[in-house]
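One-letter residues, chain by chain:
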Amino acid sequence: MFGLIGHSTSFQDAKRKAKDLGYEHIASGDMDVWCSAPPQLVEHVEVESLTGKTIQGAYIDSCFVPEMLGRFKTARRKVLNAMELAQKKDISITALGGFTSIIFENFNLLKHQNIRSTTLDWQRFTTGNTHTAWVICRQLELNAPRIGIDISKASVLVVGATGDIGSAVCRWLNFRTGVGELLLVARQQEPLQALQADLNNGQILSLQEALPKADVVVWVASMPKTLEIDPLSLKNPCLMIDGGYPKNLDIKFSGPGVHVLKGGIVEFYKDIGWSMMEIAEMEIPQRQMFACFAEAMLLEFEGCHTNFSWGRNNITLEKMDFIGEASIKNGFSTLNLTKNVRAAIA
Ligand code: NDP
(Lines give C-alpha, C1' and ligand atoms only; values in the text may rest on other atoms or scores of the structure.)
Protein backbone atom coordinates (compact mmCIF):
# COMPACT_ATOMS: atom_id res chain seq x y z
CA MET A 1 0.00 0.00 0.00
CA PHE A 2 1.19 3.56 -0.72
CA GLY A 3 0.56 6.53 1.52
CA LEU A 4 0.44 10.29 1.13
CA ILE A 5 0.97 12.67 4.02
CA GLY A 6 -0.45 16.10 3.30
CA HIS A 7 -2.05 19.16 4.83
CA SER A 8 -4.49 21.92 3.97
CA THR A 9 -3.27 25.13 2.36
CA SER A 10 -4.55 27.34 5.19
CA PHE A 11 -6.22 27.19 8.59
CA GLN A 12 -9.54 28.31 7.07
CA ASP A 13 -9.38 25.57 4.40
CA ALA A 14 -8.53 22.99 7.02
CA LYS A 15 -11.54 23.94 9.12
CA ARG A 16 -13.84 23.81 6.10
CA LYS A 17 -12.51 20.40 5.08
CA ALA A 18 -12.84 19.03 8.63
CA LYS A 19 -16.48 20.16 8.65
CA ASP A 20 -17.12 18.44 5.28
CA LEU A 21 -15.58 15.25 6.62
CA GLY A 22 -17.69 15.35 9.80
CA TYR A 23 -14.87 16.15 12.26
CA GLU A 24 -17.06 18.73 14.04
CA HIS A 25 -14.93 19.05 17.18
CA ILE A 26 -11.81 19.96 15.22
CA ALA A 27 -13.71 22.03 12.64
CA SER A 28 -15.00 24.44 15.27
CA GLY A 29 -11.73 24.47 17.24
CA ASP A 30 -9.29 27.36 17.49
CA MET A 31 -5.57 27.15 16.63
CA ASP A 32 -4.72 25.57 20.00
CA VAL A 33 -7.19 22.74 19.32
CA TRP A 34 -5.62 22.22 15.90
CA CYS A 35 -2.11 22.25 17.32
CA SER A 36 -2.96 19.30 19.55
CA ALA A 37 -5.12 17.44 16.99
CA PRO A 38 -3.69 14.05 15.99
CA PRO A 39 -3.18 13.08 12.31
CA GLN A 40 -6.14 11.48 10.55
CA LEU A 41 -6.24 8.79 7.91
CA VAL A 42 -9.04 10.41 5.94
CA GLU A 43 -9.26 8.34 2.79
CA HIS A 44 -8.51 4.96 1.23
CA VAL A 45 -8.18 4.69 -2.52
CA GLU A 46 -7.59 2.10 -5.24
CA VAL A 47 -5.60 3.14 -8.33
CA GLU A 48 -5.21 1.26 -11.61
CA SER A 49 -2.09 1.89 -13.69
CA LEU A 50 -2.08 2.17 -17.47
CA THR A 51 -0.42 -1.27 -17.35
CA GLY A 52 -3.51 -2.72 -15.62
CA LYS A 53 -1.83 -3.14 -12.22
CA THR A 54 -3.99 -2.09 -9.27
CA ILE A 55 -2.67 -0.74 -5.97
CA GLN A 56 -4.21 0.45 -2.70
CA GLY A 57 -3.41 3.74 -1.01
CA ALA A 58 -4.29 5.96 1.91
CA TYR A 59 -4.22 9.71 2.52
CA ILE A 60 -3.15 10.95 5.94
CA ASP A 61 -3.88 14.55 6.86
CA SER A 62 -1.18 15.63 9.27
CA CYS A 63 -3.53 18.32 10.73
CA PHE A 64 -0.63 20.72 10.12
CA VAL A 65 -1.47 24.08 8.54
CA PRO A 66 1.07 26.60 7.17
CA GLU A 67 0.14 29.04 9.96
CA MET A 68 1.95 26.62 12.34
CA LEU A 69 5.32 26.98 10.58
CA GLY A 70 6.55 29.41 13.23
CA ARG A 71 5.74 26.90 16.00
CA PHE A 72 8.79 24.70 15.72
CA LYS A 73 7.78 21.98 18.20
CA THR A 74 4.22 21.75 16.87
CA ALA A 75 5.37 21.44 13.27
CA ARG A 76 7.88 18.74 14.23
CA ARG A 77 5.26 16.81 16.23
CA LYS A 78 2.71 16.98 13.39
CA VAL A 79 5.10 15.48 10.85
CA LEU A 80 6.45 12.76 13.14
CA ASN A 81 2.96 11.76 14.36
CA ALA A 82 1.71 11.47 10.76
CA MET A 83 4.73 9.29 9.89
CA GLU A 84 4.08 7.13 12.93
CA LEU A 85 0.45 6.67 11.86
CA ALA A 86 1.54 5.67 8.34
CA GLN A 87 3.91 3.07 9.75
CA LYS A 88 1.32 1.74 12.22
CA LYS A 89 -1.09 1.28 9.30
CA ASP A 90 1.66 -0.81 7.69
CA ILE A 91 1.90 1.43 4.62
CA SER A 92 4.91 0.32 2.57
CA ILE A 93 5.88 3.64 1.01
CA THR A 94 4.62 7.08 2.00
CA ALA A 95 5.37 10.46 0.38
CA LEU A 96 5.90 13.53 2.55
CA GLY A 97 3.89 16.21 0.75
CA GLY A 98 3.75 20.01 0.91
CA PHE A 99 5.59 21.51 3.87
CA THR A 100 6.05 18.13 5.59
CA SER A 101 9.22 17.19 3.66
CA ILE A 102 10.61 20.70 4.19
CA ILE A 103 9.93 20.45 7.94
CA PHE A 104 11.55 17.00 7.97
CA GLU A 105 14.74 18.24 6.32
CA ASN A 106 15.00 21.72 7.80
CA PHE A 107 14.21 20.65 11.37
CA ASN A 108 16.51 17.62 11.04
CA LEU A 109 13.88 15.10 12.10
CA LEU A 110 16.30 12.23 11.41
CA LYS A 111 17.33 12.75 15.02
CA HIS A 112 13.81 11.83 16.18
CA GLN A 113 13.44 8.24 15.04
CA ASN A 114 11.61 7.09 18.19
CA ILE A 115 8.02 8.25 18.58
CA ARG A 116 6.50 6.79 21.74
CA SER A 117 6.81 2.99 21.25
CA THR A 118 7.45 3.24 17.47
CA THR A 119 10.88 3.37 15.86
CA LEU A 120 10.35 4.99 12.50
CA ASP A 121 11.66 2.93 9.61
CA TRP A 122 13.00 5.52 7.15
CA GLN A 123 12.82 3.01 4.29
CA ARG A 124 9.05 3.48 4.30
CA PHE A 125 9.18 7.18 3.41
CA THR A 126 10.18 9.30 0.43
CA THR A 127 10.30 13.05 -0.11
CA GLY A 128 9.21 12.50 -3.72
CA ASN A 129 11.83 15.01 -4.88
CA THR A 130 13.28 12.79 -7.65
CA HIS A 131 9.96 12.67 -9.48
CA THR A 132 9.38 16.39 -8.83
CA ALA A 133 12.77 17.23 -10.38
CA TRP A 134 12.16 14.99 -13.39
CA VAL A 135 8.67 16.43 -13.95
CA ILE A 136 9.98 20.02 -13.82
CA CYS A 137 12.65 19.20 -16.43
CA ARG A 138 10.10 17.54 -18.68
CA GLN A 139 7.76 20.52 -18.32
CA LEU A 140 10.62 22.72 -19.49
CA GLU A 141 11.47 20.45 -22.42
CA LEU A 142 7.84 20.21 -23.59
CA ASN A 143 6.65 23.77 -23.01
CA ALA A 144 9.55 26.08 -23.88
CA PRO A 145 9.40 25.18 -27.62
CA ARG A 146 5.62 25.68 -27.56
CA ILE A 147 6.10 29.40 -26.86
CA GLY A 148 8.93 29.76 -29.36
CA ILE A 149 11.98 29.20 -27.13
CA ASP A 150 14.82 27.16 -28.63
CA ILE A 151 16.09 25.14 -25.66
CA SER A 152 19.50 24.49 -27.15
CA LYS A 153 20.12 28.26 -27.24
CA ALA A 154 18.09 29.29 -24.19
CA SER A 155 19.40 30.87 -20.99
CA VAL A 156 17.83 28.89 -18.18
CA LEU A 157 17.83 30.36 -14.68
CA VAL A 158 17.42 28.02 -11.72
CA VAL A 159 16.45 29.87 -8.52
CA GLY A 160 17.30 27.53 -5.64
CA ALA A 161 19.98 25.85 -7.77
CA THR A 162 21.81 24.30 -4.83
CA GLY A 163 18.71 22.74 -3.25
CA ASP A 164 17.74 19.09 -3.45
CA ILE A 165 15.37 19.62 -6.39
CA GLY A 166 17.31 22.54 -7.91
CA SER A 167 20.64 20.71 -8.10
CA ALA A 168 18.97 17.68 -9.72
CA VAL A 169 17.28 19.98 -12.25
CA CYS A 170 20.64 21.63 -13.02
CA ARG A 171 22.36 18.26 -13.55
CA TRP A 172 19.59 17.05 -15.87
CA LEU A 173 19.50 20.27 -17.90
CA ASN A 174 23.29 20.29 -18.18
CA PHE A 175 23.99 16.63 -18.92
CA ARG A 176 20.75 15.44 -20.57
CA THR A 177 18.71 18.28 -22.07
CA GLY A 178 21.60 20.47 -23.17
CA VAL A 179 20.47 24.06 -22.67
CA GLY A 180 22.23 27.11 -24.11
CA GLU A 181 23.31 28.57 -20.78
CA LEU A 182 22.65 27.85 -17.10
CA LEU A 183 22.25 30.73 -14.63
CA LEU A 184 22.57 29.69 -11.00
CA VAL A 185 20.94 31.58 -8.12
CA ALA A 186 20.89 30.87 -4.38
CA ARG A 187 22.00 32.87 -1.34
CA GLN A 188 25.08 30.96 -0.15
CA GLN A 189 28.11 31.22 -2.42
CA GLU A 190 30.04 28.12 -1.35
CA PRO A 191 27.43 25.53 -2.41
CA LEU A 192 26.93 27.50 -5.64
CA GLN A 193 30.63 27.23 -6.45
CA ALA A 194 30.60 23.49 -5.64
CA LEU A 195 27.63 23.01 -7.99
CA GLN A 196 29.32 25.02 -10.74
CA ALA A 197 32.42 22.80 -10.41
CA ASP A 198 30.26 19.65 -10.45
CA LEU A 199 28.48 20.82 -13.62
CA ASN A 200 31.63 22.29 -15.14
CA ASN A 201 29.18 24.91 -16.32
CA GLY A 202 26.85 27.66 -15.16
CA GLN A 203 27.11 31.35 -14.26
CA ILE A 204 26.58 32.38 -10.65
CA LEU A 205 24.54 35.58 -10.54
CA SER A 206 22.27 37.54 -8.21
CA LEU A 207 18.54 37.20 -8.86
CA GLN A 208 18.33 40.80 -10.09
CA GLU A 209 21.17 40.22 -12.58
CA ALA A 210 19.85 36.86 -13.77
CA LEU A 211 16.12 37.49 -14.28
CA PRO A 212 16.40 39.87 -17.30
CA LYS A 213 18.76 37.41 -19.05
CA ALA A 214 16.53 34.33 -18.69
CA ASP A 215 14.38 32.75 -21.40
CA VAL A 216 13.26 30.14 -18.87
CA VAL A 217 13.12 30.49 -15.08
CA VAL A 218 12.82 27.38 -12.91
CA TRP A 219 11.85 28.51 -9.42
CA VAL A 220 12.59 25.87 -6.81
CA ALA A 221 12.96 28.00 -3.69
CA SER A 222 10.43 29.70 -1.48
CA MET A 223 9.91 33.19 -2.84
CA PRO A 224 10.84 36.03 -0.45
CA LYS A 225 7.62 37.94 0.43
CA THR A 226 9.30 41.30 -0.13
CA LEU A 227 10.54 40.48 -3.65
CA GLU A 228 9.64 43.23 -6.13
CA ILE A 229 10.24 42.55 -9.84
CA ASP A 230 9.27 44.70 -12.79
CA PRO A 231 7.67 42.19 -15.21
CA LEU A 232 8.68 44.50 -18.09
CA SER A 233 12.35 43.76 -17.33
CA LEU A 234 11.78 40.08 -18.22
CA LYS A 235 12.35 38.61 -21.66
CA ASN A 236 9.42 38.15 -24.04
CA PRO A 237 8.70 35.26 -24.32
CA CYS A 238 9.69 33.95 -20.91
CA LEU A 239 8.64 30.61 -19.44
CA MET A 240 8.45 30.55 -15.63
CA ILE A 241 8.11 27.16 -13.99
CA ASP A 242 6.82 27.61 -10.46
CA GLY A 243 8.27 24.60 -8.67
CA GLY A 244 8.13 26.10 -5.17
CA TYR A 245 5.49 25.63 -2.55
CA PRO A 246 3.15 27.43 -2.20
CA LYS A 247 2.72 28.22 -5.90
CA ASN A 248 2.48 32.00 -6.09
CA LEU A 249 4.68 33.16 -8.99
CA ASP A 250 1.69 34.09 -11.16
CA ILE A 251 0.80 36.89 -8.72
CA LYS A 252 4.25 38.54 -9.06
CA PHE A 253 5.03 37.86 -12.69
CA SER A 254 2.08 38.69 -14.90
CA GLY A 255 3.38 40.58 -17.89
CA PRO A 256 3.51 40.50 -21.69
CA GLY A 257 4.95 37.24 -22.95
CA VAL A 258 5.49 35.83 -19.45
CA HIS A 259 4.01 32.35 -19.14
CA VAL A 260 3.81 30.93 -15.65
CA LEU A 261 3.38 27.16 -15.39
CA LYS A 262 2.72 25.35 -12.12
CA GLY A 263 5.76 23.12 -11.74
CA GLY A 264 5.97 19.63 -10.33
CA ILE A 265 2.33 18.78 -11.04
CA VAL A 266 1.25 15.66 -12.89
CA GLU A 267 -2.01 14.38 -14.29
CA PHE A 268 -3.11 10.74 -14.20
CA TYR A 269 -4.64 9.24 -17.35
CA LYS A 270 -8.03 8.67 -15.69
CA ASP A 271 -10.05 9.86 -12.73
CA ILE A 272 -9.07 8.59 -9.30
CA GLY A 273 -11.99 8.24 -6.92
CA TRP A 274 -10.58 10.45 -4.18
CA SER A 275 -11.35 13.85 -2.73
CA MET A 276 -7.93 14.47 -1.21
CA MET A 277 -6.54 16.70 -3.99
CA GLU A 278 -9.33 19.23 -3.47
CA ILE A 279 -7.42 20.12 -0.32
CA ALA A 280 -4.38 20.86 -2.47
CA GLU A 281 -6.43 23.11 -4.80
CA MET A 282 -5.72 21.20 -8.01
CA GLU A 283 -7.67 22.38 -11.06
CA ILE A 284 -8.72 18.80 -11.87
CA PRO A 285 -8.52 17.20 -8.41
CA GLN A 286 -9.66 13.78 -9.64
CA ARG A 287 -6.53 13.46 -11.81
CA GLN A 288 -3.94 16.06 -10.85
CA MET A 289 -1.52 15.85 -7.95
CA PHE A 290 1.91 16.93 -6.78
CA ALA A 291 4.67 14.89 -8.41
CA CYS A 292 6.01 14.02 -4.96
CA PHE A 293 2.72 12.27 -4.11
CA ALA A 294 2.79 10.46 -7.44
CA GLU A 295 6.28 9.18 -6.57
CA ALA A 296 4.85 7.05 -3.75
CA MET A 297 2.30 5.62 -6.18
CA LEU A 298 5.01 4.90 -8.74
CA LEU A 299 7.21 3.16 -6.20
CA GLU A 300 4.22 1.00 -5.19
CA PHE A 301 3.38 0.21 -8.84
CA GLU A 302 7.01 -0.78 -9.41
CA GLY A 303 7.28 -2.76 -6.13
CA CYS A 304 10.18 -0.51 -5.12
CA HIS A 305 9.71 -0.21 -1.36
CA THR A 306 12.58 2.00 -0.38
CA ASN A 307 13.20 5.62 0.60
CA PHE A 308 13.91 6.44 -3.02
CA SER A 309 14.28 10.21 -2.45
CA TRP A 310 15.95 10.91 0.86
CA GLY A 311 18.36 13.47 2.31
CA ARG A 312 19.79 16.35 0.30
CA ASN A 313 21.57 16.27 -3.06
CA ASN A 314 21.32 12.49 -3.50
CA ILE A 315 19.23 12.61 -6.70
CA THR A 316 21.13 10.96 -9.55
CA LEU A 317 20.39 11.06 -13.28
CA GLU A 318 19.86 7.28 -13.16
CA LYS A 319 17.19 7.67 -10.48
CA MET A 320 15.51 10.37 -12.57
CA ASP A 321 15.58 8.01 -15.58
CA PHE A 322 13.95 5.25 -13.53
CA ILE A 323 11.17 7.40 -12.05
CA GLY A 324 10.56 9.18 -15.38
CA GLU A 325 10.10 5.92 -17.25
CA ALA A 326 7.81 4.63 -14.49
CA SER A 327 5.81 7.86 -14.62
CA ILE A 328 5.05 7.57 -18.33
CA LYS A 329 4.53 3.79 -18.25
CA ASN A 330 1.99 3.96 -15.41
CA GLY A 331 -0.10 6.75 -16.94
CA PHE A 332 1.14 10.12 -15.68
CA SER A 333 1.72 13.17 -17.86
CA THR A 334 2.98 16.60 -16.86
CA LEU A 335 0.87 19.70 -16.46
CA ASN A 336 1.47 21.85 -19.56
CA LEU A 337 0.60 25.32 -20.82
CA THR A 338 -3.03 25.49 -21.89
CA LYS A 339 -4.01 25.28 -25.55
CA ASN A 340 -5.29 28.91 -25.31
CA VAL A 341 -1.82 30.18 -24.48
CA ARG A 342 -0.26 28.23 -27.33
CA ALA A 343 -2.92 29.33 -29.81
CA ALA A 344 -2.45 33.00 -28.87
CA ILE A 345 1.26 32.71 -29.64
CA ALA A 346 0.93 30.74 -32.89
P1 NDP B 1 15.98 22.85 -0.42
O2 NDP B 1 15.84 23.45 0.94
O3 NDP B 1 16.81 21.64 -0.60
O4 NDP B 1 16.54 23.98 -1.42
C5 NDP B 1 16.13 25.30 -1.40
C6 NDP B 1 17.01 26.09 -2.36
O7 NDP B 1 16.55 27.41 -2.45
C8 NDP B 1 18.47 26.18 -1.93
O9 NDP B 1 19.28 26.25 -3.09
C10 NDP B 1 18.51 27.52 -1.20
O11 NDP B 1 19.85 27.98 -1.15
C12 NDP B 1 17.60 28.33 -2.12
N13 NDP B 1 16.96 29.50 -1.51
C14 NDP B 1 16.24 29.55 -0.37
N15 NDP B 1 15.79 30.80 -0.17
C16 NDP B 1 16.23 31.54 -1.22
C17 NDP B 1 16.09 32.92 -1.58
N18 NDP B 1 15.43 33.77 -0.80
N19 NDP B 1 16.64 33.34 -2.73
C20 NDP B 1 17.34 32.47 -3.53
N21 NDP B 1 17.50 31.17 -3.23
C22 NDP B 1 16.96 30.72 -2.09
O23 NDP B 1 14.49 22.62 -0.93
P24 NDP B 1 13.92 21.54 -1.97
O25 NDP B 1 14.82 21.45 -3.14
O26 NDP B 1 13.55 20.31 -1.23
O27 NDP B 1 12.55 22.25 -2.40
C28 NDP B 1 12.56 23.45 -3.16
C29 NDP B 1 11.13 24.00 -3.30
O30 NDP B 1 10.32 23.06 -3.98
C31 NDP B 1 10.44 24.27 -1.97
O32 NDP B 1 9.77 25.50 -2.06
C33 NDP B 1 9.46 23.13 -1.87
O34 NDP B 1 8.31 23.48 -1.15
C35 NDP B 1 9.09 22.87 -3.29
N36 NDP B 1 8.56 21.53 -3.54
C37 NDP B 1 7.56 21.43 -4.47
C38 NDP B 1 7.01 20.21 -4.80
C39 NDP B 1 5.93 20.15 -5.84
O40 NDP B 1 5.42 21.16 -6.22
N41 NDP B 1 5.56 19.01 -6.34
C42 NDP B 1 7.46 18.98 -4.12
C43 NDP B 1 8.55 19.19 -3.19
C44 NDP B 1 9.06 20.43 -2.91
P45 NDP B 1 20.32 29.12 -0.12
O46 NDP B 1 19.83 28.69 1.24
O47 NDP B 1 21.80 29.15 -0.26
O48 NDP B 1 19.67 30.38 -0.58
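The notes below deal with the structure included here. (Residues numbered from 1 in each chain as written. Predicted model: local features only at pLDDT ≥ 70, side-chain atom pairs only at ≥ 80, totals over all residues. Heavy atoms only, no water.)

1. Digging into the packing of aromatic side chains
By convention here, two paired aromatic rings are described through the distance between centres and the angle between planes. In the structure shown here, the tally under the stated rule is 14 aromatic pairs. Here the aromatic rings of Phe-64 and Phe-99 are separated by 6.4 Å at their centres, their planes lie at 70 degrees, and the arrangement is edge-to-face. One end of the pair, Phe-64, is in the loop between strand S3 (54–61) and helix H4 (72–88); the other, Phe-99, is in helix H5 (residues 99–106), with 35 residues separating them in the sequence. Summarising the burial analysis for this pair, Phe-64 and Phe-99 share the class buried. Grouping aromatic residues by their ring pairs yields a cluster made of Tyr-59, Phe-64, Phe-99, Tyr-245, Phe-290 and Phe-293. The cationic tip of Arg-176 hangs over the ring face of Trp-172; the distance from NZ or CZ to the ring centre is 5.3 Å. In this structure, Lys-319 packs its charged tip against the face of Phe-308, placed 4.9 Å from the ring centre. (Phe/Tyr/Trp six-rings, centres within 6.5 Å; stacked < 30°, edge-to-face > 60°. Helix = DSSP H or I, 4+ residues; strand = E, 2+ residues; numbered from the N terminus. Buried < 20%, exposed > 50% of the residue type's maximum accessible area, 1.4 Å probe, protein only. Lys NZ or Arg CZ within 6 Å of the ring centre and 35° of its normal.)

2. Overview of the site of the ligand
Near the ligand there are 26 residues, and of these Thr-162, Ile-165, Arg-187, Lys-247 and Arg-312 occur at the shortest range. Within the contact set of the ligand, an oxygen atom lies 3.4 Å away from a side-chain nitrogen or oxygen of Asn-129. Within the side chain of Lys-247, one N or O atom sits 2.9 Å away from an oxygen atom of the ligand. About the coverage of the ligand: the protein hides 87% of its 920 Å² of free accessible area. Residue assignment for the shell around the ligand shows that the elements contributing at least two residues are helix H6 (129–143), helix H7 (164–177) and helix H12 (291–301). Residue composition of the shell around the ligand, by class: 11 nonpolar, 11 polar and 4 charged. (Near = heavy atom within 4 Å. Polar contact = N/O pair within 3.5 Å; in protein donor to acceptor, adjacent residues only side chain to side chain. Areas by Shrake-Rupley, 256 points an atom, 1.4 Å probe, with all protein chains shown as cover. Nonpolar A, V, L, I, M, F, W, Y, C, P; charged D, E, K, R; others polar.)

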